[in-house]
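# Structural overview for review
The lines below spell out each chain.
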Amino acid sequence: MFAIRFPFFGKIVYVAEPSAVRDVITGDPHRFHAGEGNAGPLEPVLGQNSLLTLDGDEHMAQRKLLLPPFHGERIRRYADAMREAAEREVAGWPLGRPFPLRPAMQRITLEVILRTIFGVNDPARRARFSDLTTRLDRVSTPVMWIPALRHDLGPLSPWRRFLKVRAEADELIYEEIGRRRAEPGFERRDDVLSLLLQARHEDGAPMSDMELRDELMTLVGAGHETTATALCWAFELMLRHPRVERRLREEVADGGGDEYLDAVMKETLRLRPVVVDVVRKLMEDTEIAGRMIPAGTYVVAAIAVVHVRPDVYPDPKEFRPERFLDGQAEPYTWIPFGGGVRRCLGASFAQQEIKVVLRTLLEAARLRPASTRPEAPRARHVTIVPSRGARVVLEERLRPARVTSSHPFATTS
Ligand code: HEM
């Protein structure tokens, strides 16, 4: 347990011992508020009904509505969309020329979310959503994490620019909700929006448009960059460990199970957790790991620290997927998706997507790192990304490419 004092946020207490982590992430949600911890940076984009920014009974009410569409069984139906997005993307990559994987992975994960969660099948309409998501991301600077700085100081001020792009994004989302509701037979569709339109609160009321907007924004915000970043780290680590790549290629070529693929995914998320910590605000004085911590303190489960404990993971800085082949990790020692009633809603979705995309790209291409120097972790918003965007070179196509004109590399490859 350690504490750091931050400007504006005060003292923040970190725990990195598995039993203390368990106490924090599975503690009584009325006592450990996660929403308040998240709301500072996230509420301007996600809104007040977001699963990420709510607490207590209101959070549980939203979570009950959102959980069914994210069940493992349902998620399996999205595998084709994940594979197709990866195939389309790799087909446009340039041969023999360095490029960063990060934007490429973002295109894949955004397309997947727009198809499976928003249910937007028309490519032109998806392009409008993509454009707005990218612009919204660009204007959501960390400066806005501090409420006192959320002021309109003229047309060029960050807050004014943010409000303008957010209004455009809201208009498009509300339009999509309206179109879907009016679509005959939407009840038979299996995208998340169509399922949420049929979900009912305990009193029988449907979700309001504002609730739907906030949750859609939450799902794209929480699910797109995170998964893309995990995929970048998987390649950044795997391509620098030829033994791992060889073994993975053997398994993929074999076409059988995905034991090693699963281990590579888990080891990637252990060594390079995309979200390095999860925060809870204490609503009452609470004893944690034998110390009394006063109400009002932010307590953080330090995922990245737990994941490199040498008593849990021998040679913790080494990338060695084999460690996940022999059985499960001990409880609260592998926590890239947090835990308790706040555990990542998209954990199954993300794990499936990482595995499907990794497999598809391995089948389609042979890559190498663009430089011999490994990429360092660098903070970007609430995620930790490879410092140079995971730059690679496509050495060989293992399948003929089908380049579409809408692909950013289409004119150059
Ligand atoms: C590798 C990819 C991902 C990582 C590493 C990740 C990680 C996390 C973490 C650490 C949390 C906080 C858990 C806590 O406070 O205990 C979280 C929450 C959440 N994630 Fe993910 N996530 C990923 C992908 C996704 C995807 C694909 C979706 C949806 C499409 C998603 C939706 C959410 C939502 C809605 C929450 C809030 C849950 C709640 O507060 O009840 N995430 N995620």
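Residues numbered from 1 in each chain as written. Predicted model: local features only at pLDDT ≥ 70, side-chain atom pairs only at ≥ 80, totals over all residues. Heavy atoms only, no water.

To continue, consider the coordination of the iron atom of the ligand. For the iron atom of the ligand, the sole protein-derived donor is Cys344 (SG), lying 2.2 Å away. Mapped onto the elements, cysteine 344 comes out in the loop between helix H13 (303-306) and helix H14 (347-364). (Donors = N, O, S within 2.8 Å, 3.2 Å for Na, K, Ca; no water. Helix = DSSP H or I, 4+ residues; strand = E, 2+ residues; numbered from the N terminus.)

So, on to the pairing of strand S5 (residues 278-282). The buried count for S5 comes to 5 of 5 residues, which makes it a mostly enclosed element. Burial of the side chains of S5 extends over both faces: Val278, Arg280 and Leu282 are buried on one face and Val279 and Lys281 on the other. Pairing of strand S3 (residues 32-33) with S5 involves 2 bridges; the strand directions are antiparallel. From the neighbouring strand, phenylalanine 32 faces S5, where its bridge partner is leucine 282. Bridge count for S5 against strand S8 (residues 298-301) is 4 bridges, and the pairing is antiparallel. (Buried < 20%, exposed > 50% of the residue type's maximum accessible area, 1.4 Å probe, protein only. Pairing = 2+ DSSP bridges.)

With antiparallel pairing, 3 strands are arranged side by side in an open sheet as S4-S12-S9. Two strands bound the open sheet, and with one partner strand each, they are strand S4 (99-100) and strand S9 (365-369). Relative to strand S12 (residues 391-397), S9 runs antiparallel, the two sharing 5 bridges. Paired with alanine 365 across the bridge in S12 is arginine 397. Along the sheet, H14 makes contact with S9 and S12, crossing S9 at roughly 100°. (Contact = heavy atoms within 4.5 Å. Axes fitted to C-alpha atoms, helices over the stretch in contact; angles between N-to-C directions.)

The subject of this paragraph is the sheet that holds S3. Read from one edge to the other, the open sheet built from 5 strands follows the order S1-S2-S8-S5-S3, with strand pairing classed as mixed. The sheet terminates laterally at strand S1 (2-6) and S3, the two strands that pair on one side only.

Opposite charge on two side chains permits pairing when their charged atoms draw close. For the structure shown, the criterion picks out 46 salt bridges. When the shortest N-O distance is used, the salt bridge between aspartate 190 and arginine 77 registers 3.9 Å. One end of the pair, aspartate 190, is in the loop between helix H8 (158-182) and helix H9 (192-198); the other, arginine 77, is in the loop between helix H4 (72-75) and helix H5 (79-91), with 113 residues separating them in the sequence. With a shortest N-O distance of 2.7 Å, arginine 320 and aspartate 315 are connected by a salt bridge. Through salt bridges with shared partners, a single ionic network connects Arg125, Glu175, Glu176, Arg180, Glu183, Arg189 and Asp191. (Salt bridge = Lys/Arg side-chain N within 4 Å of Asp/Glu carboxyl O.)

Quick look at the site of the ligand now. Taken together, 28 residues are adjacent to the ligand, and His59, Arg63, Arg280, Arg342 and Cys344 come closest. Between the ligand and arginine 63 there is a distance of 2.7 Å, counted from an oxygen atom to a side-chain nitrogen or oxygen. With respect to the ligand, the backbone of glycine 339 contributes an N or O atom lying 3.1 Å from an oxygen atom. Looking at the shell around the ligand, the elements with two or more residues in it are helix H3 (56-66), helix H10 (209-239), S5 and H14. Counting residues per element, the shell around the ligand draws most heavily on H10, at 7 residues. Split into classes, the residues belonging to the shell around the ligand amount to 16 nonpolar, 8 polar and 4 charged. (Near = heavy atom within 4 Å. Polar contact = N/O pair within 3.5 Å; in protein donor to acceptor, adjacent residues only side chain to side chain. Nonpolar A, V, L, I, M, F, W, Y, C, P; charged D, E, K, R; others polar.)

Between the first and last C-alpha of helix H12 (residues 259-271) there are 18 Å, a value that for 13 residues agrees with the 18 Å anticipated at 1.5 Å per step. Taking burial as the measure, the 13 residues of H12 include 12 buried ones, the bulk of the element. All of the buried residues in H12 are Tyr260, Leu261, Asp262, Ala263, Val264, Met265, Lys266, Glu267, Thr268, Leu269, Arg270 and Leu271. Packing partners of the buried residues in H12 comprise H10, helix H11 (242-254) and H14. (Expected span 1.5 Å × (residues − 1).)

Now for the packing of aromatic side chains. The relation between two aromatic rings is expressed through the spacing of the ring centres and the mutual angle of the planes. In the structure shown here, the tally under the stated rule is 9 aromatic pairs. Three or more aromatic residues joined by ring pairs make a cluster, and in this case those are Tyr313, Phe324, Trp334 and Phe337. Above the face of the tryptophan 233 ring, arginine 272 is positioned so that its terminal group lies 5.1 Å from the ring centre. (Phe/Tyr/Trp six-rings, centres within 6.5 Å; stacked < 30°, edge-to-face > 60°. Lys NZ or Arg CZ within 6 Å of the ring centre and 35° of its normal.)

To continue, consider unusual backbone geometry. Residues other than glycine seldom take positive phi values, yet aspartate 315 does so here, at roughly 45°. Looking at the element boundaries, aspartate 315 is found in the loop between H13 and H14. We note that alanine 390 has phi near 60°; this positive angle belongs to a residue other than glycine. Among the secondary structure elements, alanine 390 is positioned in the loop between strand S11 (383-386) and S12. The class for alanine 390 is buried, based on a relative accessible area of 1%.

Turning our attention to the nonpolar core. Counting residues in hydrophobic clusters, the biggest one holds 91 residues, and the most contacted among them are Trp93, Leu101, Met105, Ile117, Phe118 and Phe235. For this core, the element with the highest residue contribution is H10, accounting for 14 residues. Ignoring anything within four residues of it in the chain, the contact list for methionine 105 reads Ala228, Leu231, Cys232, Phe235 and Leu361. (Core = buried A, V, L, I, M, F, W, Y, C linked by side-chain atoms within 4.5 Å.)

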